[in-house]
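# Commentary on secondary and tertiary structure
In case you want the letters, here they are:
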Amino acid sequence: MSSPACGLCMQSFHVFQRARYTCPCCLDVVCRQCSRAPAGLKDVPRAERRTCLRCAPATLVTLVPKPQPPCDVAAFLSSGGLQLRPPTPRSPVVETDDLDFNWVHPYPKAPLPADETSRLATVAALVLPDHLELLRQDTTFGILLAKAMAKTECSMASLNLVDATHAITVAAAGFVSSSPRTPRLEALSSHVVVRGQILVVADTTQDMRFRAHPVATETHAAAVVSVPLLHNGCVIGTIDLLRLTPLAAPLAPKVHSELTALAKLAAGFIVTSCKPSTESRPRRKTAPAKIESECLLVETMEALLFQSMRTSNYVQDIAASR
């Protein structure tokens, strides 16, 4: 009678475990470790005289306990057997407010400010629906996004304006936006509207807010940097920068100031483009001056950025000296 495994320990028979025995009492096929041969049966063939442990007499089965090493905790610790090191967090750890997962998506709802009356009034004064197409045709935002991407070594970026219900994409670089309008509860910009300052997520897989967010699952962003666009002290939008690799170190203060300067330029262009025309203003007899080439536009933008950064550094030096 053959069997692929021992009837007691269920260990499979293989090349290195060929020995198998049939118990004469229960006819089970067992291995050498699960069988015993009683003494005084020299006339019986070896393969037939071994009995499984279940059928063998109790006197033939003698279990000898293995010697245990002495339990000396002091000697164990002094020998270096226990290596203590800080534990690696396996679950995402992030200091944040209470998260609301009570909806259909696997990521939490984006927070909404308790009172944003002044912010919504500032956004409403820009009359964004009337100027949205004009803003999307402006190549200035593409240049600003390219500079922001170069400062942070990001491969994707977008500029979004936030109204009462949606985050509206004005410009994007490095990817094609799947939807030009994102609900506030799903938008990355909503987190910046509540904070009012730059949001840096070094690793989206370790952040409970973004590990299942479309930013990480659809665009495969491993790190996020979002810079607010401020007008009259209110956040009217954001510049969102996405990296495919986590941030190895925090952003340097110089990078923070440069991103703030770029966001200030972008907010200034938006406000200027959305400024309503007054009826009392006399009509121009000649066409306004236009920038003839993109190179000249880049030079103009770089000059404005340099002057803004110079002013920012000057103010920081004054504040540090006091």
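These numbers were taken from a predicted model, which means no experiment stands behind them. (Residues numbered from 1 in each chain as written. Predicted model: local features only at pLDDT ≥ 70, side-chain atom pairs only at ≥ 80, totals over all residues. Heavy atoms only, no water.)

### Thoughts on unusual backbone geometry
Phi is positive for leucine 27, which is not a glycine, with a value near 65 degrees. Mapped onto the fold, leucine 27 is located in the loop between strand 1 (21-22) and strand 2 (29-30). Even without glycine at this site, valine 127 takes up a positive phi of about 50 degrees. Here valine 127 lies in the loop between helix 3 (117-126) and helix 4 (128-137). (Helix = DSSP H or I, 4+ residues; strand = E, 2+ residues; numbered from the N terminus.)

### Here we look at the pairing of strand 5 (residues 156-162)
Counting buried residues in strand 5 gives seven out of seven residues, a clear majority hidden from the surface. Neither face of strand 5 is open: one carries Met156, Ser158, Asn160 and Val162, the other Ala157, Leu159 and Leu161, and all of them are buried. Relative to strand 10 (residues 234-243), strand 5 is paired through six bridges, and the arrangement is antiparallel. Residue leucine 161 lies in a different strand from strand 10, and its bridge partner there is glycine 237. Pairing geometry for strand 5 and strand 6 (residues 166-173), over six bridges, is antiparallel. Within strand 6, the residue paired with serine 158 across the bridge is alanine 172. Between strand 5 and the antiparallel strand that follows it, strand 6, lie three residues. (Buried < 20%, exposed > 50% of the residue type's maximum accessible area, 1.4 Å probe, protein only. Pairing = 2+ DSSP bridges.)

### Some details on the packing of aromatic side chains
Applying the stated criterion to the full structure yields one aromatic pair. Ring centres 5.5 Å apart and planes at 90 degrees place the aromatic pair tryptophan 103 and tyrosine 107 in the edge-to-face group. Since its relative accessible area comes to 4%, tyrosine 107 is described here as buried. (Phe/Tyr/Trp six-rings, centres within 6.5 Å; stacked < 30°, edge-to-face > 60°.)

### What about the sheet that holds strand 7 (residues 181-183)?
The strand order 7-6-5-10-9-8 describes an open sheet built from six strands, whose pairing is antiparallel. Strands with a single pairing partner mark the edges of an open sheet, and in this sheet they are strand 7 and strand 8 (199-201). Averaged over all adjacent pairs, the angle separating strand axes in this sheet is 25 degrees, with direction ignored. In this structure, strand 8 lies alongside strand 9 (residues 223-231), joined through three bridges in antiparallel fashion. Opposite valine 200, over in strand 9, you have valine 225 as the bridge partner. Those strands touched by helix 3 are strand 5, strand 9 and strand 10, and its axis lies near 85 degrees from that of strand 10. Most of the contacts of helix 8 (residues 253-273) go to strand 9, to which it runs at about 45 degrees, and overall it touches strand 5, strand 9 and strand 10. (Axes fitted to C-alpha atoms, helices over the stretch in contact; angles between N-to-C directions. Contact = heavy atoms within 4.5 Å.)

### Quick notes on the environment of aspartate 203
Mapped onto the fold, aspartate 203 is located in the loop between strand 8 and helix 7 (214-217). Residues aspartate 203 and leucine 247, 44 residues apart in the sequence, show an inter-C-alpha distance of 6.7 Å. Among residues more than four places away in sequence, those in contact with aspartate 203 are Ala222 and Pro246. Only 2.7 Å separates the side chain of aspartate 203 from the side chain of threonine 205, close enough to count as a polar contact. (Polar contact = N/O pair within 3.5 Å; in protein donor to acceptor, adjacent residues only side chain to side chain.)

### Digging into the confidence of the model for the chain
Averaged over every residue, the pLDDT of the chain is 80; the share at 70 or more is 75%. In the model, residues 87-96 has pLDDT below 50 throughout and makes 13 contacts with residues more than four positions away in sequence or in other chains. (pLDDT = per-residue confidence, 0-100.)

### What about the nonpolar core?
Formed by 42 residues in total, the largest nonpolar core has its most connected members in Leu159, Val225, Leu229, Ile239, Leu241, Leu259 and Ile270. Tallying contributions element by element places helix 8 first for this core, with 10 residues. Not counting chain neighbours up to four residues away, the residues in contact with isoleucine 239 comprise Leu145, Ser158, Leu159, Val225, Ser226, Val227, Leu229, Ala263 and Ala266. Core analysis: the second largest hydrophobic core is formed by 10 residues, Leu188, Val215, Val224 and Leu242 among them. (Core = buried A, V, L, I, M, F, W, Y, C linked by side-chain atoms within 4.5 Å.)

### Overview of the pattern of salt bridges
Summed over the entire model, instances satisfying the criterion amount to eight salt bridges. Across the salt bridge formed by arginine 209 and aspartate 207, the nearest N and O atoms sit 2.8 Å from each other. The class of aspartate 207 is buried, set by a relative accessible area of 5%. (Salt bridge = Lys/Arg side-chain N within 4 Å of Asp/Glu carboxyl O.)

### Side note on helix 4
Residues of helix 4 that are buried include every one of Leu128, His131, Leu132 and Leu135, and no others. Around the axis of helix 4, the buried residues are gathered within 140 degrees of arc, so they sit on the same side. Exposed and facing more than 90 degrees away from the buried side of helix 4 are Asp130, Glu133 and Gln137. Structurally, helix 4 contributes buried residues whose contacts are with helix 3, helix 5 (140-152), strand 5, strand 6 and helix 8. (Arc of directions from axis to C-beta.)

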